[in-house]
Amino acid sequence: MTRPFSLSSNSNTVVVHRLHPPINMADSSSSNPSTSTASASTSTAAKPASDFTSQLTDEEIVQPIPDLQLAQHRFILSQSKLSNLHDKAKAALLEGIKRDEMAPWLAQDSLLSSQLDNSNGSLLKELQENNKDELTKLDEKIKDAQDNLGETELSDALRNKASYLAKIGEKDKAVEAYEYALSKQAGLGSKIDLRLSLIRVGFFHNDLKLASSNIEHAKKLIDQGGDWDRRNRLKVYQAVYYTQIRDFKNACQLLLDTMPTFTAVELIPYDDFIILSIIMGVLILNRKELKSKIIDSPEVIATLSSFSAPSSSSSSSSTAATPSSPSSPSGSSSSNYLKDYTTSLYESEYSKFFRALSEIETHHLIPNLLLNQHSKYYIREMRIKAYSQLLESYRSMTIANMARNFGVGENYIENDLAKFISAGTLNCSIDKVNGVVETNRPDIKNARYEQAIKQGDVLLNSLQKLSRVIG
C-alpha cells in the first residue's frame, strides 16, 4: 500500500493531504479506512470510518510522522509466535522504509537490517544518499530564511527539518531539532503541535520518558489557551500513554471522553481506537456504564456493523479458555466476536464471553504492540470479573453448573478458580467433596465501621500530640 503525502504549512501547524487510509494495527491487510469526524456538534448517529475522511479538512489531518504503524509491523516481525504474519509485516516495513527514506532506523536496528536489506547493504546506501541530499536542501532553506526571510519562514523551515529527521527515524537529532524549533516558535498552537510530534517520536522509539515529559509540557500549553481540537487530540495521546503504563482506568476515561470527537488518526487508526475503547471499557466499567457508554455508543455501533474478523491464519495460541473443552459449543462464527465481547458480559452470556475473550486475545492483544505486554494481566482480570459477576448472584453453585455457564470443562473451571481464590482475588471457596463453589460475601457495613474507628483513632492521637505541643 502506498501512502504519499502532500505537505503544506502555515503559522500554526503542518498538515498533510492523506491519499490513502492508514494500515490497521491488528491486521495489516484490513481495508477499513480509519479516521473520525472533527465537528464539535457530533450527530447522534455515528458514521462508518470510511465516511470520516471526506469530512476532515486539510488542516484537521496531521502528518503521521513518525509512522507508528511501522513500529507495529516491526513488533510483529520480532515475535516468533506471530510467524504467520511476518510476510505481511516485512512487506509493509520495506515499503514504508523506502517511502519515508528511513536509513537511520534501518541502520540502527539489527532486526530490520537482517530481514530487509539482503542486497549487500544496497538499500541502506541508497536511502543514506537520499537523506544526505534532502537534509542539504533543508539546511539551505533554513539559511535562506535566516538571511533573507522573516521569522515565520524560519520557523517553518526549522519545523520541516525536525519533521524530516523524525520521519527517517533519526531520534536524537529529531528531538534536538524539535526543541530548537520550539525555541523559535511564537504561536501557542505551533508549540503544542511540536510537543505532540515529540510525543509521537517517544511512542515510536518506545521512549516513555520522552513521551511523558512532553505530555506534561503540552498540558501546560493547553491550559494557557489551547484550542478545542488540540485539547482533544492530547487526550488521545494521554490515553495511549496510560495504556502503555497499565493505568487502564485513566486510559478508559480519556478514550470515552474523546470517542465522539476523535481526530488523532496520525497516532492510531479510527477503528483501532474504537476497539481499544471497547477493550478498556469492558474491563473498567460496571454493567450500567458499559451499557450507556459502550454498547449504546453510536461510534461503537457503527464500527461493529462494519467490522470483519481477521483471518484465522493470523491466530496464535490463546490462554483465555480451553479451546478443546468438550463443553464448548461448536460451529459458532468468529466474525461477530467483537460484538459478542462487547455485549455478552452485560447480558450474562458467559460461554459466549469466554469464546469472544479468546478471539480478543488472539487478534487484538498478542499481536498488538500497545497491548501485548498486558495481555496476560488483561485476560486474568477479565476472567476474575466474569467469575465475580456470576457468583455474586448466588450463595453457592455447583462446579458442573458453573462450567456449563462458561462453556468449559469442570477441571478447567476448578483449577482456574483455585488460583484466584488462593491469590485472594475471588471471595469464594471450593467444597471439593460436594463439588460446590460457595461465595464469601464481604461484610461491607462492618468493614466501613472498622475503617471509621481506625481513622478516628489516628485523628485523636494527632490531636493529643498537638495539644501537648501547644500546652
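Check the entry above for the structure.
None of these values were measured; they are calculated from a predicted model.

1. Description of the sheet that holds strand S5 (residues 436–439)
Working step 1: Taken together, the three strands give an open sheet; going across it, the order is S3-S5-S4, and neighbouring strands pair in antiparallel fashion. At either margin of the open sheet sits one strand with a lone partner, and together these are strand S3 (396–398) and strand S4 (428–431). The average angle at which neighbouring strand axes cross in this sheet is 20°, direction not considered.
Working step 2: The pairing of S3 with S5 spans three bridges and is classified as antiparallel. Bridge pairing links Ser-396 to Glu-438 in S5.
Working step 3: Against the sheet, helix H19 (residues 410–422) engages S4 and S5, with an angle of about 135° to S4.

2. Quick word on the pattern of salt bridges
Working step 1: Applying the stated criterion across every chain, the model contains 18 salt bridges.
Working step 2: Put simply, Asp-67 and Arg-99 hold a salt bridge, and the shortest N to O gap is 3.0 Å. Of this pair, Asp-67 sits in the loop between strand S2 (14–18) and helix H1 (68–78) while Arg-99 sits in helix H2 (residues 86–100), placing them 32 residues apart in sequence.
Working step 3: Between Glu-349 and Lys-352 there is a salt bridge, and its shortest N-O distance comes to 3.0 Å.
Working step 4: Judged by its relative accessible area of 31%, Glu-349 is partly exposed.

3. A few points about H2
Working step 1: Relative to the 21 Å expected for 15 residues at 1.5 Å per residue, H2 spans 21 Å between its end C-alpha atoms, a close match to the ideal helical length.
Working step 2: The set of residues buried in H2 consists of His-86, Ala-89, Ala-92, Leu-93, Gly-96, Ile-97 and Asp-100. Viewed along the axis of H2, the buried residues span an arc of 130°, placing them on a single side of the element.
Working step 3: Its buried side turned inward, H2 meets H1, helix H3 (103–108), helix H4 (110–116), helix H5 (122–148) and helix H6 (151–167).
Working step 4: Backbone geometry just downstream of H2 places Glu-101 in the positive-phi region, at approximately 55°.

4. Side note on a nonpolar patch on the surface
Working step 1: Nonpolar side chains collect at one region of the surface, where Leu-459, Leu-460, Leu-463, Leu-466 and Ile-470 lie side by side and expose about 520 Å² of accessible area between them.
Working step 2: Following the sequence through the fold, Leu-460 ends up in helix H20 (residues 444–470).

5. Thoughts on the pairing of S4
Working step 1: Where S4 meets S5, four bridges bridge the pair, whose relative direction is antiparallel. Pairing of Asp-431 across the sheet is with Val-436, part of S5.
Working step 2: The turn linking S4 back onto S5 is made up of four residues, and Gly-435 within it adopts a positive phi angle of 65°.

6. Observations regarding the packing of aromatic side chains
The description of an aromatic ring pair uses the distance of the two centres, along with the angle that the planes make with each other.
Working step 1: For the coordinates displayed, the defined rule picks out 13 aromatic pairs.
Working step 2: Seen from their ring centres, Phe-262 and Phe-273 are 4.2 Å apart, and the 20° between their planes marks the pair as stacked. Taken together, the residues Phe-262 in the loop between helix H11 (248–258) and helix H12 (270–284) and Phe-273 in helix H12 connect sequence positions eleven residues apart.
Working step 3: Of the residues examined, Phe-262 reaches a relative accessible area of 0% and is grouped as buried.

Cut-offs applied
- Residues numbered from 1 in each chain as written.
- Predicted model: local features only at pLDDT ≥ 70, side-chain atom pairs only at ≥ 80, totals over all residues.
- Heavy atoms only, no water.
- Pairing = 2+ DSSP bridges.
- Helix = DSSP H or I, 4+ residues; strand = E, 2+ residues; numbered from the N terminus.
- Axes fitted to C-alpha atoms, helices over the stretch in contact; angles between N-to-C directions.
- Contact = heavy atoms within 4.5 Å.
- Salt bridge = Lys/Arg side-chain N within 4 Å of Asp/Glu carboxyl O.
- Buried < 20%, exposed > 50% of the residue type's maximum accessible area, 1.4 Å probe, protein only.
- Expected span 1.5 Å × (residues − 1).
- Arc of directions from axis to C-beta.
- Patch = residues over 30% accessible without salt bridge, like charges linked within 9 Å, V, L, I, M, F, W, Y side chains within 5 Å.
- Areas by Shrake-Rupley, 256 points an atom, 1.4 Å probe, with all protein chains shown as cover.
- Phe/Tyr/Trp six-rings, centres within 6.5 Å; stacked < 30°, edge-to-face > 60°.

Function cannot be inferred from these measures alone, as they are strictly geometric.
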